[in-house]
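Chain residues, written in single-letter form:
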Amino acid sequence: MGDYAESEPETKAVVNTINKFKENIKIYISFHSYGGYWLTSWAHTTDLPQNYLELNSIGVHALNGIREQNEWARYSLGTASQVLYIAGGTSMDWARLKAGIPYAYTVELRGKGFIEEKTNIIPIGNEMWSAMKEIAVNQDDWSNSAVSFREDFKHPL
């Protein structure tokens with residue numbers, strides 16, 4: 001929270017770094033605690049972005065990766081504004097609209113609060129690592145809207 005957009009030094013550093021390398025960045029993921037959500041654009045409106053099917057496809061790959069790591073882990077997938085609520089000023093929407101990064105997400109890590117129990121940190125980290133690997137390995141499928149959850153994993157929406 002600053003006085004105006006990009007007023008804080010940490011935010012300026014992130015913005016400058018992303019802008020410097022944005023031609024090489026395909027995907028932006030902002031991790032938060034907590035809730036168990038894999039959120040796509042948009043947060044600021046209930047309209048769907050033009051590439052929603054691709055965003056959803058990548059999200060499905062990520063959730064499949066999480067499920068491979070921990071079959072009991074549950075994450076809901078969908079737009080931030082429809083799964084949670086409309087929110088302005090999210091870094092996910094900034095990454096898509098201002099930096100031009102085609103695939104932007106906010107991940108609300110599973111857990112029971114903002115400060116997670118020590119015993120859950122490594123399992124949650126392993127889930128995210130598995131999700132990142134699944135996204136990277138399957139990047140050729142990103143534009144394939146026919147990608148679906150594995151049979152034992154039902155779509156939460």
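I will try to describe carefully the structure that is included in this document.

What counts as what
Residues numbered from 1 in each chain as written. Predicted model: local features only at pLDDT ≥ 70, side-chain atom pairs only at ≥ 80, totals over all residues. Heavy atoms only, no water. Core = buried A, V, L, I, M, F, W, Y, C linked by side-chain atoms within 4.5 Å. Buried < 20%, exposed > 50% of the residue type's maximum accessible area, 1.4 Å probe, protein only. Helix = DSSP H or I, 4+ residues; strand = E, 2+ residues; numbered from the N terminus. Contact = heavy atoms within 4.5 Å. Axes fitted to C-alpha atoms, helices over the stretch in contact; angles between N-to-C directions. Parallel < 35°, antiparallel > 145°, perpendicular 65-115°, else oblique. Left-handed = near helix turned anticlockwise from the far one by under 90°. Pairing = 2+ DSSP bridges.

1. What about the nonpolar core?
- One finds W38, I66, Y75, Y105, V107 and M128 to be the most contacted residues of the largest nonpolar core, which totals 19 residues.
- Contributions of two or more residues to this core are made by helix 2 (52-69), strand 4 (103-109) and helix 5 (118-137).
- Broken down by element, this core gets its largest block of residues, six residues, from helix 2.
- With near-sequence residues (within four places) excluded, V107 lies in contact with I29, S30, F31, H32, Y37, W38, Y75 and M128.

2. Here's the deal with unusual backbone geometry
- The step from S33 to Y34 runs through a cis peptide bond, and the omega angle for that step is 15°.
- Relative to the elements of secondary structure, Y34 occurs in the loop between strand 1 (27-33) and strand 2 (37-40).
- At the junction of S41 and W42, the peptide bond is cis and its omega measures out at 5° in the coordinates.
- The backbone phi angle of E6 is positive, close to 65°, even though this residue is not glycine.
- Turning to its location among the elements, E6 is positioned in the segment before helix 1 (9-21).
- Given the relative accessible area of 35%, E6 is considered partly exposed.

3. Observations regarding the packing of helix 2 against helix 5
- Interaxial distance between helix 2 and helix 5 falls to 7 Å at its minimum, and their mutual angle equals 135°. Here helix 2 lies oblique to helix 5, going by the angle between them. Crossing geometry of helix 2 relative to helix 5 is assigned as right-handed. Only N126, E127, M128, S130, A131, E134 and I135 of helix 5 make contact with helix 2, whose side of the interface consists of I58, H61, A62, N64, G65, I66, E68 and Q69.

4. What about the sheet that holds strand 2?
- An order of 1-4-2-3 is seen for the four strands of this open sheet, with the pairing classed as mixed. With partners counted over all chains shown, the strands left at the sheet margins are strand 1 and strand 3 (76-79), one partner each. Along the sheet, successive strands turn relative to each other by an average axial angle of 20°, direction set aside.
- Two strands pair when backbone bridges link them, and strand 2 and strand 3 are joined in this way by four bridges, in the parallel orientation.

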